[in-house]
Amino acid sequence: MKIYTLHKKQNLPISIKMAWEFLSNPNNLKTITPDYMGFKIISGADRPMYEGQIIQYLVTPVLGIKTKWVTEITHIVDQKYFVDEQRFGPYALWHHKHFIKAIDGGVEMEDIIDYKLPFGVLGELVHPIVVKPKLEEIFSYRAKKLEELFGIYNT
């Protein structure tokens, strides 16, 4: 039972308030997700984020196969962090921590995702070939899109 971790950091030249308002709004996920994934919120994003919130999505991560993904917002500390956990979807485990903190001239955003694949050994075999590269691609897209929206951080 292998649990993987994806860890990403990005600095943006915006305020904590602006970063929080964008990141904590589930409706903005579509903006920072590649179009080919067919990301669509089905329900649960009709009010500001709160602990216990259930959000349902449709995504098409690979081979044009539509997948329902259900997450719960399990922890929130206003303008500091929130955690979403998959309740139903493609992973055996998905625990995604989103942190933001003030730095000189902007904010540092940090994502830490602990995840486990289904299908035991088969899942572990496809991880380096399919899953890890796909997650890297998605988070690279996200970083570029956030820079397009908010600018490039210069130290």
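In the block above lies the structure referred to throughout.
Residues numbered from 1 in each chain as written. Predicted model: local features only at pLDDT ≥ 70, side-chain atom pairs only at ≥ 80, totals over all residues. Heavy atoms only, no water.

**Focus on the pairing of strand β6 (residues 93-103)**
This is how it is decided: The pairing criterion for strands is at least two bridges between them, as found by DSSP. In this text, helices come from DSSP runs of H or I with a minimum length of four residues, and strands from runs of E with a minimum of two, each type numbered from the N-terminal end.
Here 5 bridges tie strand β5 (residues 81-88) to β6, and the two strands are oriented antiparallel to one another. Considered in β6, the bridge of tyrosine 81 is made with phenylalanine 99. Linkage of β5 to β6, two consecutive antiparallel strands, is achieved through a turn of 4 residues, within which glycine 89 is found at a positive phi near 160 degrees. By the bridge criterion, 11 bridges tie β6 to strand β7 (residues 106-116) in an arrangement that is antiparallel. Each residue of the ladder has a partner; that of histidine 98, found in β7, is aspartate 111. Between the end of β6 and the start of β7, which pair antiparallel, lie 2 residues, with glycine 105 showing a positive phi angle near 80 degrees.

**Focus on the side chain of threonine 33**
To keep it simple, the criterion reads: Residue contacts are counted whenever heavy atoms from the two residues lie within 4.5 Å of one another.
Mapping threonine 33 onto the fold places it in the loop between α1 (16-23) and β2 (40-43). Ignoring anything within four residues of it in the chain, the contact list for threonine 33 reads Phe39, Tyr141 and Arg142.

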